[in-house]
Structures are given as structure tokens and as C-alpha cells.
Amino acid sequence: MAFDATLLILTGGVSRRMGFPKHILEIEGRTTVEYLVSALGPLFIETLVVGKAIPRKIIGAQFLRDVHQIRSPLAGIHSGLRASQADLCFVVGCDMPYVRPRLVQTVLQQADAVDIAVPMAGGHYEPLCAAYRRTALKAIEEAIRERRLKITELYDRVQTHIVREAELRAIDPELVSFTNLNTPRDVSRLDARFPSEPCHANRGGSPWGATSYGACVGREHREACPPAASNRARM
């Protein structure tokens with residue numbers, strides 16, 4: 001059953017650290033955006049993809065151009081909240097392909113009667129894996145106008161509920177959901193860290209199929225990744 005909420009996928013712009021826009025990173029022939037739409041979209045009444053450009057039409061999602069001339073996810077959140085059918089949006093970055101559907105459900109369930117529900121793990125907020133309500137728009141607009149563009153500064157200006165780490169680990173013990181791809185090295189780290197972690201975009205259609213992320217990333221991107229052995233990357 002779908003929540004009365006909108007899935008908001010932020011693509012951002014050109015990633016200098018990755019070397020190319022992260023939304024074109026492919027998993028078994030599908031972009032990370034298509035990957036997230038397939039895995040998380042059924043939980044919502046609509047899916048909006050917000051960014052500067054999307055290279056191809058995505059089935060099951062609408063593209064919303066981000067017209068703000070600022071380098072901050074607040075711009076995409078603002079655009080998405082204004083355009084969404086629902087009062088509540090779940091915001092996720094296109095570079096977080098491992099977000100677990102059950103974790104999304106938990107965050108949404110804790111977003112009643114608050115402006116924002118945001119996970120916290122390891123003492124850090126996860127602002128691009130969080131729920132934002134339209135009642136936060138005024139504070140977001142003020143932050144953009146004042147060029148206070150760090151998302152976490154917004155949390156003191158609205159009613160914010162923190163989803164605690166213990167609750168998150170009960171669903172996702174290793175907090176794989178918060179794995180973030182910022183650089184080619186991060187992709188290489190995932191190859192080492194999750195050699196058997198299933199991929200959302202397996203050909204059978206299940207969000208948790210039998211193919212590893214490392215095997216899914218486009219060959220040209222894998223070849224650009226230097227070898228690395230490290231724990232998962234974080235925002």
C-alpha cells in the first residue's frame with residue numbers, strides 16, 4: 001500500500017568529485033535514478049525527479065527542473081515540495097542506491113505532526129534520506145534567501161523529529177541505506193565492501209536480486225575507479 005506521500009529524488013548537477021553527473025551512473029543498464037524509482041516508487045503516490053537535466057525519460061517518474069541558481073540540496077527540496085501532490089515528501093539523493101524500503105517506511109511513519117523526520121546515525125544527520133513536509137517551506141525559503149544553505153541548520157528552525165540509530169539498525173543492521181557515492185573511489189569501495197550485496201535492478205524485477213552492485217556499475221566507470229579497501233563511504 002502506498003503512503004500519501006511523494007518520493008523526491010535529487011539529481012543535483014555535475015559532480016566534480018565523481019567526474020560526471022552521478023545520475024548517469026548505470027546499474028545493469030539502468031541509471032541510479034531508475035534504480036531508485038523501481039525500488040522505492042511503489043511506496044508513494046508519485047515520484048518526482050528534481051535536477052538540472054535528465055538524459056532520458058524515466059517510466060514511473062516525472063522530471064522537475066531545478067531553476068534555483070544555488071549549489072545546495074535545499075534548492076531541489078524546495079522545488080519538489082512546491083510541485084508535489086502530497087503534503088509530505090521523502091527526499092533521497094540519486095547517489096544513495098542502497099536505501100532500504102523498510103527504512104523509508106519507518107521514517108515516513110515518524111513524520112506525523114512534524115515538519116521534518118530525519119535519521120541520525122553515528123552522530124550525523126542523513127538529510128538526503130529524510131521526510132520533509134510542506135509546512136517547512138517557509139523556513140526553507142528564508143534559508144535560501146539568506147544563503148544559509150546547509151540543510152542541517154534548517155532543523156533548528158522547524159519542528160524536527162530525529163529517527164534514532166537503534167531504530168534504524170533494527171531494520172538495517174549495517175546501515176547500508178546510507179551508503180553514498182561521491183567519487184569513483186567510493187564505487188570501488190563498494191565493490192570491496194559489498195561483494196555479495198544484492199542489487200535493486202536485477203533482471204527479475206525484485207528490489208533485492210542476486211547481482212552485486214560492483215558487477216552492475218558500467219564498465220567505463222569501473223575502469224576509472226582506482227582500487228581501494230575501505231568501509232562504506234558516508235556523506
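These notes cover the structure that comes with them. (Residues numbered from 1 in each chain as written. Predicted model: local features only at pLDDT ≥ 70, side-chain atom pairs only at ≥ 80, totals over all residues. Heavy atoms only, no water.)

## Examining unusual backbone geometry
Now for step 1: Phi angles above zero are rare outside glycine, and Ala 113 is one such case at about 65 degrees.
Now for step 2: Along the chain, Ala 113 falls in the loop between helix 3 (101-109) and strand 7 (116-121).
Now for step 3: When its relative accessible area of 67% is taken as the criterion, Ala 113 is described as exposed.
Now for step 4: Residues other than glycine seldom take positive phi values, yet Leu 175 does so here, at roughly 55 degrees.
Now for step 5: Structurally, the position occupied by Leu 175 is in the loop between helix 6 (165-171) and helix 7 (184-193). (Helix = DSSP H or I, 4+ residues; strand = E, 2+ residues; numbered from the N terminus. Buried < 20%, exposed > 50% of the residue type's maximum accessible area, 1.4 Å probe, protein only.)

## Here we look at helix 1 (residues 32-40)
Now for step 1: The buried count for helix 1 comes to eight of nine residues, which makes it a mostly enclosed element.
Now for step 2: Inspection of helix 1 places Thr 32, Val 33, Glu 34, Tyr 35, Leu 36, Val 37, Ala 39 and Leu 40 among the buried residues, and these make up the whole buried set.

## Quick word on the pattern of salt bridges
Two side chains with opposite charge may pair up if their charged atoms get near one another.
Now for step 1: If you walk through the whole model with that rule in mind, you get five salt bridges.
Now for step 2: Glu 142 serves as the salt-bridge partner of Arg 157, at 3.5 Å between the closest nitrogen and oxygen. Of this pair, Arg 157 sits in the loop between helix 5 (151-154) and strand 10 (160-163) while Glu 142 sits in helix 4 (residues 137-145), placing them 15 residues apart in sequence.
Now for step 3: Residue class for Arg 157 comes out partly exposed when judged on its relative accessible area of 30%.
Now for step 4: With a shortest N-O distance of 3.4 Å, Glu 146 and Arg 157 are connected by a salt bridge. Here Arg 157 lies in the loop between helix 5 and strand 10 and Glu 146 lies in the loop between helix 4 and helix 5, a separation of eleven residues in the sequence.
Now for step 5: Classification of Glu 146 as partly exposed rests on a relative accessible area of 42%.
Now for step 6: Salt bridges sharing common partners tie together Glu 142, Glu 146, Arg 148 and Arg 157. (Salt bridge = Lys/Arg side-chain N within 4 Å of Asp/Glu carboxyl O.)

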